[in-house]
Amino acid sequence: MSTYAEFIEQQESRDGVRFSWNVWPSSKLEATRLVVPLGCLFTPLKERLDLPPIQYDPVLCTRNTCRAILNPLCQVDYRAKFWVCNFCFQRNPFPQQYAAMTETCQPAELIPQFSTIEYTIMRATVPPPIFLYVIDTCMDVEELGSLKESLQLSLSLLPSNALIGLITFGKMVSVHELGGQTGCAKSYVFRGTKDISAKQLQEMLGLTRYAGGVGQGQPQQPGVPPGQAQRPQQPANRFLQLLSSVDMQVTDLLGELQRDPWGVPQGKRSLRSTGVALSIAVGLLDCCFPGAGSRIMVFINGPCSQGPGQVVNDDLKQPIRSHHDIEKDNAKYLKKAVKHYEALAERAASSGHAIDIYSCALDQTGLLEMKSCCNTTGGHMVMGDSFNSSLFKQTFQRVYNRNEHGELRMGFNASVEVKTSRELKINGAIGACVSLGIKSSSVSETEMGLGGTCQWKICTLNPNATLGIFFEIVNQHGAPIPQGGRGCIQFITQYQHSSGQQRVRVTTVARNWADATSNIYHISAGFDQECSAVLMARLAVFRAESDEGTDVLRWVDRMLIRLCQKFGEYSKDDPGSFRLPENYTLYPQFIFHLRRSQFLQVFNNSPDETTFYRHMLNREDLTQSLIMIQPILYSYSFNGPPEPVLLDTSSIQADRILLMDTFFQILIFHGETIAQWRAQRFQDLPEYENFKQLLEAPVTDAQDILQSRFPMPRYIDTEQGGSQARFLLSKVNPSNTHNNPYAYGGVRKT
């Protein structure tokens with residue numbers, strides 16, 4: 001490769017891995033002096049069209065403490081049919097089926113271009129995916145009607161072999177029976193003020209466990225090709241049934257759903273039992289399908305106001321907690337509610353079940369307390385104003401997006417294991433995952449994020465889901481690594497594919513070691529400023545969950561200053577002489593915008609909004625995360641094609657249209673002159689066709705973004721002086737102010 005930038009891009013597109021440093025210092029001491037920790041962003045299900053799954057099992061290292069998987073970096077003796085593990089250097093024989101292998105006829109896993117490879121585990125059978133809808137009925141008729149339409153539409157987007165279940169809640173919680181032969185709808189009602197344990201639920205509903213087990217060998221059904229999803233056995237309970245057999249019944253049930261019948265006195269909130277409903281949903285899947293790929297999809301229109309998980313009382317005079325209340329320890333229900341939802345999240349994660357929360361309301365709904373349900377299980381968190389908005393409707397449909405083979409673009413019940421060379425240890429991971437607490441010789445004593453383990457559980461994965469994984473170099477300063485040595489890392493992702501197959505994706509990467517005392521230039525040239533900015537943002541957000549906001553900002557500042565001291569060039573008493581290498585120049589900008597972002601600044605955001613923003617930063621891939629940290633600004637004018645411009649007030653000009661993408665919002669801003677022309681309808685006149693095209697160009701580009709992003713962003717069309725121009729002004733760097741010789745908009749007053 002001609003440059004590091006091209007090498008980094010190639011590695012990301014092939015393996016879904018970006019490292020903060022692409023040449024590694026050869027000792028622990030030198031690594032700490034680099035300031036930015038060694039880490040990577042890893043996208044387990046990075047989409048690759050040239051990666052067909054292999055129809056046989058992977059070959060493992062025979063050493064019990066290693067169990068790494070055969071990869072292109074291993075040394076192979078083709079004559080003796082042995083391979084040497086590149087992690088523990090164990091000499092391993094090839095299985096019998098590799099007998100015909102030669103140097104010119106290699107299996108796929110030894111070909112360098114397949115550093116990422118996916119295996120299909122042929123003997124494993126898994127139940128079909130399960131979708132359990134948990135619906136809040138404490139909402140007005142119009143909202144409920146819109147939600148019912150979206151849910152009925154979603155039934156047509158689910159695979160026909162999926163299992164479906166339905167729970168509704170208000171003051172009481174109803175578990176609906178499906179597949180009954182009587183033709184009469186039947187449901188079991190639970191009080192919303194009392195928690196139900198899994199054992200009690202099992203006895204009350206007569207639940208039994210799925211007979212097939214998960215991932216265990218079963219006789220192949222006749223007529224079904226090996227490796228294909230088998231026809232599932234009929235579930236033993238009446239509450240989770242095959243969609244193909246109860247499609248019409250569920251459609252009718254959803255259509256007949258009514259607003260919660262319990263009256264709400266003047267000045268009171270609806271009594272909403274979200275905590276108990278979620279507990280029953282987790283218990284139902286826990287009893288019947290432990291370890292099966294499942295989604296509990298919760299739709300809420302307000303905060304839980306009674307029973308376990310309560311976040312506010314029913315008196316409207318008492319507002320839901322704010323950041324100020326939490327800071328002053330004045331949030332009465334916070335700790336107890338957080339504890340309740342954390343316990344549910346742990347139960348769901350241990351069984352491999354994801355929890356999605358779709359919160360659509362004008363006030364807060366308790367996402368802060370419920371955040372562990374999504375953050376621990378990898379489920380979606382979507383926040384909007386109304387179930388009747390296109391934001392919710394489009395976002396919900398995109399959950400069921402399919403790939404070119406017609407399969408859902410999601411994996412279930414996944415685990416990610418990391419193996420490292422002897423010179424490296426794992427500090428931890430930050431992302432929508434939970435630690436499996438499995439120790440190995442690769443695990444460091446120092447923790448960053450979720451540490452103390454080499455394996456993490458992710459209950460559901462999509463092609464964008466990304467983990468931030470941090471490493472520690474443990475090689476001592478006086479023990480040099482041989483010239484040309486390489487450090488290796490292997491990522492092993494086991495997951496249930498939406499087709500019903502059990503798959504294992506293996507990614508093995510290596511980077512060169514360098515002595516920082518003599519080759520600091522090589523290490524410096526391998527710095528990836530984009531990856532480093534996202535990793536530092538995740539670390540900062542992780543700290544912000546437990547530390548004071550000002551302490552986190554000071555830490556971010558200190559780390560930036562230390563990095564600039566290490567790699568910048570500067571002549572004393574000459575501020576204009578400061579220079580950073582080319583591959584560091586954007587990093588201070590990213591950190592500047594991170595400091596000002598909603599991830600670290602809670603002012604003007606509710607606790608629920610802060611929770612939602614941080615959740616998205618911790619799960620999205622590098623490109624989307626960078627847009628969240630530093631929004632993209634494009635300029636459209638008569639002077640030429642659209643061009644990216646600085647996120648600065650100097651970019652706001654009277655004769656420009658600006659398109660800003662913050663990930664959460666897509667904003668089109670019309671300069672003063674453009675806005676006046678638009679108001680006078682010049683675009684409708686034939687002689688101003690070019691002006692019409694100028695107005696349409698940013699709208700077309702905005703639509704392209706709106707069509708592909710999850711969750712769907714909010715679309716804003718505004719102009720200079722408009723009330724919604726504040727969304728742009730809050731993001732740009734305020735280099736032009738009323739104190740400057742240039743007026744707002746960059747035009748000198750005359």
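About the cut-offs
Residues numbered from 1 in each chain as written. Predicted model: local features only at pLDDT ≥ 70, side-chain atom pairs only at ≥ 80, totals over all residues. Heavy atoms only, no water. pLDDT = per-residue confidence, 0-100. Contact = heavy atoms within 4.5 Å. Core = buried A, V, L, I, M, F, W, Y, C linked by side-chain atoms within 4.5 Å. Buried < 20%, exposed > 50% of the residue type's maximum accessible area, 1.4 Å probe, protein only. 1 Å grid on protein atoms, 1.4 Å probe; cavity = no way out; pocket = protein on both sides within 12 Å on 5 of 7 lines; lining within 4 Å. Points joined across faces, edges and corners; volume = space filled by probe spheres on them. Helix = DSSP H or I, 4+ residues; strand = E, 2+ residues; numbered from the N terminus. Nonpolar A, V, L, I, M, F, W, Y, C, P; charged D, E, K, R; others polar. Pairing = 2+ DSSP bridges. Axes fitted to C-alpha atoms, helices over the stretch in contact; angles between N-to-C directions. Phe/Tyr/Trp six-rings, centres within 6.5 Å; stacked < 30°, edge-to-face > 60°. Lys NZ or Arg CZ within 6 Å of the ring centre and 35° of its normal. Polar contact = N/O pair within 3.5 Å; in protein donor to acceptor, adjacent residues only side chain to side chain. Salt bridge = Lys/Arg side-chain N within 4 Å of Asp/Glu carboxyl O. Arc of directions from axis to C-beta. Disulfide = S-S within 2.5 Å. Parallel < 35°, antiparallel > 145°, perpendicular 65-115°, else oblique. Left-handed = near helix turned anticlockwise from the far one by under 90°.

Moving on to the confidence of the model for the protein. Predicted confidence across the protein gives a mean pLDDT of 92, with 94% of residues reaching 70 or more. A low-confidence stretch, residues 213–235 (pLDDT under 50), is modelled with 43 contacts involving residues beyond four sequence positions or located in other chains. In the model, residues 743–750 has pLDDT below 50 throughout and makes 13 contacts with residues more than four positions away in sequence or in other chains.

Let's shift gears to the nonpolar core. Ranked by internal contacts, the top residues of the largest apolar core, which has 126 residues, are W21, I296, I469, F471 and F491. In contact with F491, other than residues within four places in its own chain, are V17, C40, F42, E417, V418, I469, F471, R505, V506, T507 and V509. Within the second largest apolar cluster, 33 residues are counted, among which are L243, V250, F387 and F412.

Here the focus is the layout of surface pockets. Empty space among the atoms becomes visible once a probe the size of a water molecule is rolled across them. One number sums up the size of the largest pocket: a volume of about 1500 Å³. As for the largest pocket, its lining consists of 45 residues, of which K371, A544, E545, S546 and R614 are closest to the centre. At the level of elements, α7 (323–327), α8 (334–350), α9 (367–377), β17 (424–430), β18 (434–435), α12 (529–544), α13 (549–567) and α15 (607–617) are the ones that each hand at least two residues to the lining of the largest pocket. Among the residues forming the lining of the largest pocket, the class breakdown is 18 nonpolar, 15 polar and twelve charged. Estimates place the volume of the second largest pocket at around 1200 Å³. Around the second largest pocket, the lining is made up of 41 residues, and of these N605, E609, Y613, Q665 and F727 lie nearest the centre. The element that contributes the greatest number of residues to the lining of the second largest pocket is α15, accounting for four residues.

Turning our attention to the sheet that holds β17. The four strands are arranged β1-β3-β20-β17 in an open sheet whose pairing can be described as antiparallel. Where the open sheet ends on each side, the last strands, each with one partner, are β1 (17–19) and β17. Across the sheet, the axes of successive neighbouring strands diverge by a mean angle of 25°, strand direction being ignored. Here strand β3 (residues 39–42) runs beside strand β20 (residues 467–473); their pairing, made up of four bridges, is antiparallel. In the strand pairing of β20, G39 is matched with F470. Here α12 sits on the sheet and contacts β1, β3, β17 and β20; the angle it forms with β3, its principal contact strand, is near 95°.

Once that is clear, we can look at the packing of aromatic side chains. Aromatic rings considered in pairs are described by the distance between their centres and by the relative angle of their planes. Enumeration according to the criterion identifies 31 aromatic pairs in this entry. Aromatic pair F131 and F412: ring centres 6.4 Å apart, planes at 80°, arrangement edge-to-face. Pair noted here: F131 is in strand β8 (residues 130–136) and F412 is in strand β16 (residues 411–420), with a separation of 281 residues, a long-range link. Both residues of the pair, F131 and F412, count as buried. Aromatic side chains F392 and F396 sit 5.6 Å apart centroid to centroid with 10° between the ring planes, which places their arrangement in the stacked category. With a gap of four residues between them, F392 and F396 both fall in helix α10 (residues 390–398), about one helical turn apart. Among the aromatic residues, ring-to-ring pairing joins F131, Y133, F299, Y358, F387, F392, F396, Y400 and F412 into one connected group. The ring of F82 carries the charged tip of R91 above its face, separated from the ring centre by 4.3 Å.

A separate point is the side chain of Q364. Along the chain, the position of Q364 falls in the loop between β14 (353–360) and α9. Looking at Q364, its side chain comes within polar contact range of the side chain of R321, at 2.7 Å. Within the structure, Q364 has its side chain in polar contact with the backbone nitrogen of D608 (distance 3.3 Å). Leaving out residues up to four positions away in the same chain, Q364 has contacts with P303, I320, R321, S606, P607 and D608.

Another aspect to go through is the sheet that holds strand β25 (residues 657–661). Read from one edge to the other, the open sheet built from five strands follows the order β24-β23-β25-β26-β27, with strand pairing classed as mixed. Of all the strands in the sheet, just β24 (640–644) and β27 (714–719) have a single pairing partner and so form its edges. The mean inter-strand angle of the sheet, taken between neighbouring strand axes irrespective of direction, is 15°. For β25 and strand β26 (residues 665–670), the ladder comprises five bridges, and the chain directions are antiparallel.

Another aspect to go through is the environment of L362. Following the sequence through the fold, L362 ends up in the loop between β14 and α9. For L362, a relative accessible area of 82% translates into the label exposed. Spatially, the C-alpha atoms of L362 and C531 are 35 Å apart, while their sequence positions differ by 169 residues.

With that out of the way, let us pick up the pattern of salt bridges. Considering all chains together, one arrives at 25 salt bridges under this definition. Here D608 makes a salt bridge to R321, at a shortest N to O gap of 2.8 Å. In this pair, D608 is assigned in helix α15 and R321 in the loop between β13 (294–300) and α7, connecting sequence segments 287 residues apart. R321 matches D608 in its accessibility class, with the two residues each being buried. Linked through salt bridges whose partners overlap, the residues forming this network are E12, R18, D528 and E530.

This part covers empty space enclosed by the protein. Tallying each qualifying case throughout the model produces three cavities of 30 Å³ or more. Here the largest cavity defines a volume of roughly 60 Å³. Lining of the largest cavity is provided by G378, A432, I458, T460, L461, A465, T466, L467, N618 and R619. Ranked by the residues each element gives to the lining of the largest cavity, the list is headed by strand β19 (residues 455–461), at three residues.

If you check which residues of α10 are buried, you get L391, F392, T395, F396 and R398. Looking straight down α10, one finds its buried side chains confined to an arc of 155°; they lie on one side.

On to the environment of L153. Within the secondary structure, L153 sits in helix α3 (residues 141–155). On the basis of relative accessibility, which here comes to 38%, the residue L153 falls in the partly exposed class. Taking the C-alpha atoms as reference, L153 lies 23 Å from L278; in sequence the two are 125 residues apart.

Right, let's talk about the state of the cysteines for a bit. Summed over all chains, the structure comprises zero disulfides. The structure places no disulfide on C66, whose sulfur is separated from the nearest cysteine sulfur, that of C85, by 3.6 Å.

Next up on the list: the packing of α9 against α15. Packed helix pairs are characterised by how far apart their axes lie and by the angle those axes make with each other. Put simply, α9 and α15 touch, their axes get as near as 9 Å, and they point 20° apart. Between α9 and α15, the interaxial angle falls into the category roughly parallel. In this structure, the crossing between α9 and α15 has a hand that is right-handed. On α15, the residues touching L367, L368, K371, C374 and N375 of α9 are P607, D608, T611 and H615. The residue inventory of the contact of α9 with α15, partitioned by class, reads four nonpolar, three polar and two charged.

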